[in-house]
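So the chains spell out like this:
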Amino acid sequence: TTSYILNVTEGICENSDTILVEIMPELMVNVQAVNASGSTPLSVHFNNSSVGGSSYLWVFGDGDSSTVENPNHIYTTPGIYNVRVYIYNNLGCFT
């Protein structure tokens, strides 16, 4: 956290205030799927070692989702699935 002093001058009037600015760490995404291929039903564990996240939304590509940080998911139908994870920090920013 850094403190800045803001000075505003208009004509002969002058005012100042202190503003605190907090720089949040950048979200660093690092996820892996364990046991990502095989026959159905296939239980896949997703390891999330991302940095800077406070909440998570996993979309598994088969209509299911999870808000668990390191979820397990069971695929019951053969196929190729696009999995997405949305990682949010305390400010609501995501990657």
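Please refer to the structure placed before this passage.
Residues numbered from 1 in each chain as written. Predicted model: local features only at pLDDT ≥ 70, side-chain atom pairs only at ≥ 80, totals over all residues. Heavy atoms only, no water.

K.L.:
Mind laying out the sheet that holds strand S5 (residues 55–59), listing which residues take part and the relevant values?
P.N.:
Across the sheet, which stays open at both edges, the three strands sit in the order S6-S5-S8 with antiparallel pairing between neighbours. Two strands lie at the open edges of the sheet, namely strand S6 (65–66) and strand S8 (84–88), each paired on one side alone. In the sheet, S5 pairs with S8 via five bridges, with the strands oriented antiparallel. Across the sheet, the residue bridging to Ser55 is Tyr88, located in S8. (Pairing = 2+ DSSP bridges. Helix = DSSP H or I, 4+ residues; strand = E, 2+ residues; numbered from the N terminus.)

K.L.:
So what about the side chain of Ser50? Which residues, and what values?
P.N.:
Its location among the elements puts Ser50 in the loop between strand S4 (42–48) and S5. According to the relative accessible area criterion, Ser50 is buried, its value standing at 12%. A distance of 2.9 Å separates the side chain of Ser50 from the backbone nitrogen of Asn30, its partner in a polar contact. Among the polar contacts listed, one links the side chain of Ser50 to the side chain of Asn48, at a separation of 2.7 Å. Setting aside chain neighbours within four positions, we find Ser50 in contact with Met28, Val29, Asn30, Val31 and Ile87. (Buried < 20%, exposed > 50% of the residue type's maximum accessible area, 1.4 Å probe, protein only. Polar contact = N/O pair within 3.5 Å; in protein donor to acceptor, adjacent residues only side chain to side chain. Contact = heavy atoms within 4.5 Å.)

K.L.:
Tell me about the sheet that holds S4, and name the residues and values.
P.N.:
Spatially, the three strands line up as an open sheet ordered S3-S4-S7, and their pairing is antiparallel. Either end of the sheet is taken by a strand with one partner, and the two such strands are strand S3 (31–34) and strand S7 (72–75). When the angles between neighbouring strand axes are averaged without regard to direction, this sheet yields 25°. When S3 meets S4, the two strands line up antiparallel, connected through four bridges. Bridging across to S4, Gln32 finds its partner in Asn47. (Axes fitted to C-alpha atoms, helices over the stretch in contact; angles between N-to-C directions.)

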